[in-house]
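Chains, contacts and geometry: an overview
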Amino acid sequence: MDQSQVTEASLEIWRTLPAAIRQDPSLASFRQEHERLHGPDDDPLPNEDCSADDGDDNSKEFITIKVTNPSQNGGDGTDSASGKLTATTTATATPSPRAGNKHQQNGEKHGHNATMDHGGEGDEHEVTMHSMHGHPHQQHGKVFSTVKISALLVVWLIFTGFLMSKNEKELEPRQMSIPEGRIRTYILPDSPPGSRVGIYLKGAFLNDQQHNMTSNYVSVNLQLLYTNSNTSNLTNIQDHDVKHVENVTDAWLVPVPAYPDQMDRMDEITRKHVFDIGTASHRKVANGKAVIRVHMSSNVEADVPVKFTYDSTPIDKETGVIYAAIVLLGLYVLIIWEIVNRTFAAMIASTLAIGVLAAMDERPSMPKLISWIDVETLLLLFGMMIMVAILSETGIFDFLAVYAYQVTNGRVWPLINCLCIFTAVLSSFLDNVTTVLLMTPVTIRLCEVMELNPVPVLMSMVIYSNVGGTLTPVGDPPNVIIASNSYISKNGVNFATFTLHMAIPIAIVMVTTYFQLRMKFKTISDLRFSEPQDVQEIRHEIAVWQRAAASLSSYSKDEDLVRETLLKKVNKLSRSLKKKLVSGSVPVEYKATLEELKNKYPIRNKVLLVKSAVTLAFVITFFFLHSAPDIQKLSLGWTALLGAVLLLILADREDIESVIARVEWSTLLFFAALFILMEALAELGLIEWIGKQTENVILSVSEESRLAVAILLILWVSAFASAFVDNIPLTTMMVKIAIGLAENEALDLPLKPLVWALALGACLGGNGTLIGASANVVCAGVAEQHGYRFTFIEYFKVGFPVMVGSVIVSTVYLLFAHVVFTWH
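Residues numbered from 1 in each chain as written. Predicted model: local features only at pLDDT ≥ 70, side-chain atom pairs only at ≥ 80, totals over all residues. Heavy atoms only, no water.

Scanning the protein from terminus to terminus reveals 29 helices and 9 strands. Across the 824 residues of the protein, 55% fall into the buried class. Residue pairs in contact within the protein that sit at least 24 positions apart in sequence constitute 84% of those at least 6 positions apart. Carbon and sulfur atoms make up 58% of the accessible area of the protein, which amounts to about 34,500 Å² in all. (Helix = DSSP H or I, 4+ residues; strand = E, 2+ residues; numbered from the N terminus. Buried < 20%, exposed > 50% of the residue type's maximum accessible area, 1.4 Å probe, protein only. Contact = heavy atoms within 4.5 Å. Areas by Shrake-Rupley, 256 points an atom, 1.4 Å probe, with all protein chains shown as cover.)

Structure (structure tokens):
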């Protein structure tokens, strides 16, 4: 390209590209103009061309390539999924396309055949390598595409129609007080459309699990008032207008503190109850023969202030559970068969769930939807992604990979074992999402140095991360929910007790998990690619350059200029790959010596590394102190965000756009959509239904078997449910069930074994599927950034058997420790 064509605007676009791409000779004119105007960079990368250059840069011949990596083993869960290289993918942090160590397993993000079609002079060429285990939708062509689009359009029309036809549900609260020794009433001004009426009370109440701590209650029930027909103002009916009063519901007892002065020091909580007045009573109200009155009283020796709200259209959770199950099943159909990208699948499912709520007159308001998103988790992920993006520029991940290679003398399984054990230990004391964000780039570099397929190693690493996170109260979000419950902590479950009881089963689970993984990946060939290394290198380079080109829009001439240059590079690499696939490629027997690796992967920016180390020291220190709220008040999300801001200040980056571009926005959007989906499913009653069924089974068995049955049910239900739904709302519900069972004096069940069963099930169950735990999703997202993609089915084949094995081990331990030997 003529250097005179390079404008300042196009240089701005060039500077947002990953560093490795900026240094490529194909973009030499941009770099020369940048150095002429701004001087040379402080830490330039090697100016090497790692492409197989077999054509002229100015060639306008563009080709169509459909590339599907052959699987490496007939269905053992380690086979390479096909990659799709399209111009619609999002630019993310990409590794440098350096020769000799990059392996493109899967290409781009959507799991289809790799297609690059840019049009141009010359003949159009097409090369296809069929995968032994291609996904069904990859071969259906236009018919499948038409059916998919039609089905998604139907779903879109359904939730769009409901959202357009229903208003947001806004209930009007009323401040009132239930006077001491007197009755407070409220007449509903409107006739409800059905026989069900929801009552919300917000005040200084206790949970149902705390009912044995008090004898004070607020009593609420519904009555029918039969009035004179000439009564015009239903909200102000006088006693002489009432002909007859009929109690149509049983009393709902809401526990309040034993001593009235405690109410001043308690946090307000909202209690909800749905009354059913029956069809006959509703018919009377609908015909104007009677009105509904809320009757409230208390036995507290003081006035009880409450915020009262009534809901004339409460959701029918029996029907809602069915709809929730259908929505959840639809999400898994979209993800498992990869009909659409998993982030888009979560967006569709969450929007459909909101549409279902709207159809059931429960459309949430926008502030309520925002409140459903766990901003704390998103802040944690965002902050850590920024820090990892800057840290990767120092070369520390390459350096650590070579160091690990040196320590283990290049032996594969000892190195994987060290990696997994280190990850598990780190996850025990740090949040496992943070651990995975730090360890995934190192693991990928390590696999590239050793010419291994990163996917099976990454899956093993994230499994051990979830196992290690189960050990302590701060290692996994379900444990945080369990250990922070005030009732549980008051009954002797502290950090030391929790860790002690978890240590034995987790140690055994780590051993059994190791043998399961060794059986899954029996030989070293199961951990390697089946294609020659030179083919893998070209595929990876194509993914890198195509992703960079896809990140640029067509909004300006400058962006077109840069993108055209990038696509020329893609075209050269594509022709090179085509020739190798047609003519065959001789496997490259290349084994770098340790000295060569050290020379090839030094620390590139020591000053930035020191700044990054200072920032990480701050972040990790405050992560450790998070379990001591008296010492520091920062949450995990705030700590990560402050760390990211600190590193940006120290790094003094002018091109912050390139750093922001490396944040895995699709992963953050996936989490946000998943949070909304799970809260919507909880509103529809799915989580509560799971808990109720579990509780009913435990209560139905004989007294001598209840502890064993309670342990088994809580463990296995929480494990399987956590594999398929978010474990945070599930754990919140299961904690209530465990406490309720322990407080039931008729059952006489100890609390601690139920707590251990819940912790083991909720945490280990996350290994069951790719979206079963936050760490799984984060690992998959970061791996996808680096060009290595594993599908839902691939992970399921490895993770689900490991999850089942882990839960079996936990079952045996809990039954022996607490049923046979009654350790508690």
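Every α-helical turn comprises 3.6 residues, leaving residues that sit three or four positions apart pointing alike. Taking 1.5 Å of rise per residue, 19 residues should cover 27 Å, and helix α20 (residues 606-624) covers 26 Å from first to last C-alpha, within 8% of that figure. Taken as a whole, α20 has its buried residues at L608, S612, T615, L616, V619 and F623. For α20, the angular spread of buried residues about the axis comes to 100 degrees, placing them on one side. In α20, the exposed positions that point more than 90 degrees away from the buried face belong to K606, V607 and V610. Measuring from the backbone nitrogen of V607 back to the side-chain oxygen at the start of α20 gives 3.4 Å, which picks out N605 as the cap. (Expected span 1.5 Å × (residues − 1). Arc of directions from axis to C-beta. Polar contact = N/O pair within 3.5 Å; in protein donor to acceptor, adjacent residues only side chain to side chain.)

Read across the sheet, 4 strands follow the order β1-β9-β3-β7 without closing on themselves; strand pairing throughout is antiparallel. Both edges of this open sheet fall to β1 (174-178) and β7 (269-276), since each of them pairs with a single strand only. The sheet shows a mean angle of 30 degrees between the axes of neighbouring strands, direction not considered. Of the pairings in the sheet, the one linking strand β3 (residues 196-203) to β7 comprises 8 bridges and is antiparallel in character. Bridge pairing in β7 links R196 to D276. (Pairing = 2+ DSSP bridges. Axes fitted to C-alpha atoms, helices over the stretch in contact; angles between N-to-C directions.)

Glancing now at the packing of aromatic side chains. Geometry of an aromatic ring pair is reported as the spacing of the ring centres plus the angle between the planes. The tally for this structure, following the rule as stated, stands at 18 aromatic pairs. Between F671 and F675 the ring centres are 6.1 Å apart and the planes differ by 35 degrees, which places this aromatic pair in the tilted class. Of the two residues, F671 and F675 are both situated in helix α23 (residues 665-684); the distance of 4 residues between them amounts to about one turn of the helix. Take F675: its relative accessible area is 8%, and that puts it in the buried class. Their ring planes at 25 degrees and their centres at 5.8 Å tell us that W716 and F720 sit as a pair that is stacked. With W716 and F720 both in helix α25 (residues 706-724), this residue pair falls 4 residues apart, about one helical turn. (Phe/Tyr/Trp six-rings, centres within 6.5 Å; stacked < 30°, edge-to-face > 60°.)

Moving on to a nonpolar patch on the surface. Residues I808, V812, F816, V819, V820 and F821 make up a contiguous nonpolar surface patch of about 560 Å² in total accessible area. Following the sequence through the fold, V819 ends up in helix α29 (residues 792-820). Take V819: its relative accessible area is 34%, and that puts it in the partly exposed class. (Patch = residues over 30% accessible without salt bridge, like charges linked within 9 Å, V, L, I, M, F, W, Y side chains within 5 Å. Salt bridge = Lys/Arg side-chain N within 4 Å of Asp/Glu carboxyl O.)

Here we come to the nonpolar core. Of all hydrophobic cores here, the largest spans 165 residues; its most connected members are L331, M384, L677, L681, I714 and F790. No other element matches α23, which puts 13 residues into this core. Beyond its immediate sequence surroundings of up to four residues, L681 is in contact with A324, V327, L328, L686 and I687. Within the second largest apolar cluster, 32 residues are counted, among which are V256, I277, A290 and F308. (Core = buried A, V, L, I, M, F, W, Y, C linked by side-chain atoms within 4.5 Å.)

Okay, the packing of α23 against helix α28 (residues 774-785) next. Between α23 and α28, the shortest axis-to-axis distance is 9 Å and the interhelical angle comes to 155 degrees. Classified by the angle their axes make, α23 and α28 are roughly antiparallel. Crossing of α23 over α28 shows right-handed handedness. Packed against α23, whose contacting residues are T667, F670 and F671, the element α28 presents S774, V777, V778 and G781 at the interface. Among the residues forming the contact of α23 with α28, the class breakdown is 4 nonpolar, 3 polar and no charged. (Parallel < 35°, antiparallel > 145°, perpendicular 65-115°, else oblique. Left-handed = near helix turned anticlockwise from the far one by under 90°. Nonpolar A, V, L, I, M, F, W, Y, C, P; charged D, E, K, R; others polar.)

So, on to the side chain of S612. As for its position among the elements, S612 is in helix α20. A residue is classified by how much of its surface remains accessible, and S612, at 2% relative accessible area, is buried. The residues touching S612, leaving out its near neighbours within four places in the chain, are L391, T394 and L647.

Following the criterion strictly, the structure yields 13 salt bridges and no others. A salt bridge links K169 to D311; the nearest nitrogen and oxygen atoms lie 2.7 Å apart. Taken as a pair, K169 in the loop between α4 (141-165) and β1 and D311 in strand β9 (residues 304-311) lie far apart in primary sequence, 142 residues in all. Under the relative-accessibility criterion, D311 is labelled buried at 1%. Close ionic contact of E784 with R342 constitutes a salt bridge, the shortest N to O distance being 3.9 Å. Placement of the pair is E784 in helix α28 and R342 in helix α7 (residues 342-359), with a sequence separation of 442 residues. As far as burial versus exposure is concerned, E784 and R342 are alike and both buried.

Let us look at the packing of helix α9 (residues 375-392) against α20. The geometry of α9 relative to α20 is characterised by a closest axis approach of 10 Å and an angle of 155 degrees between their N-to-C directions. Between α9 and α20, the angle is such that the two are roughly antiparallel. Like other packed secondary-structure pairs, α9 and α20 cross with a definite hand, here left-handed. Listed contacts from α20 to L380, M384, M387, I390 and L391 of α9 are L608, L609, S612, T615, L616, V619 and F623. Broken down by class, the residue content of the contact of α9 with α20 amounts to 10 nonpolar, 2 polar and no charged.

When you tally the buried positions in strand β6 (residues 252-256), you get 4 out of 5 residues, the bulk of the element. Here 5 bridges tie strand β4 (residues 216-227) to β6, and the two strands are oriented antiparallel to one another. By the bridge assignment for β6, N216 is matched with V256.

Turning next to the environment of P25. Relative to the helices and strands, P25 is located in the loop between α2 (19-22) and α3 (28-38). Each C-alpha atom of the pair P25 and K569 lies 9.9 Å from the other, and the pair is 544 residues apart in sequence.

This part is about the side chain of T249. Along the chain, the position of T249 falls in the loop between β5 (242-247) and β6. For T249, a relative accessible area of 13% corresponds to the buried category. At 2.9 Å, the side chain of T249 forms a polar contact with the backbone nitrogen of L222. For T249, the residues in contact, after removing those within four places along its chain, are N221, L222, F275, D276 and I277.

Let's shift gears to α23. Counted at 1.5 Å a residue, the expected span for α23 with its 20 residues is 28 Å, and the 29 Å between its end C-alpha atoms agrees. With 14 of 20 residues buried, α23 lies mostly within the body of the structure. Positive phi appears at G685, one or two residues downstream of α23, with a value of about 100 degrees.

All right, on to the confidence of the model for the protein then. The predicted model of the protein averages 81 in pLDDT, with 82% of residues at 70 or higher. Low confidence marks residues 42-139, where pLDDT is under 50. Its contacts with residues over four positions away, or in another chain, come to 322 contacts. Contacts from residues 585-590, a stretch scored under 50 in pLDDT, to residues over four places away or in other chains number 13 contacts. (pLDDT = per-residue confidence, 0-100.)

Within the secondary structure layout, K606 lies in helix α20. Distance from K606 to I396, taken between C-alpha atoms, is 9.2 Å for residues 210 residues apart in sequence.

Further remarks concern the environment of A742. Relative to the assigned elements, A742 resides in helix α26 (residues 727-743). Looking at A742, the relative accessible area reads 18%, which means it is buried. On a C-alpha basis, the gap between A742 and L754 in space is 8.3 Å, while along the polypeptide they are 12 residues apart.

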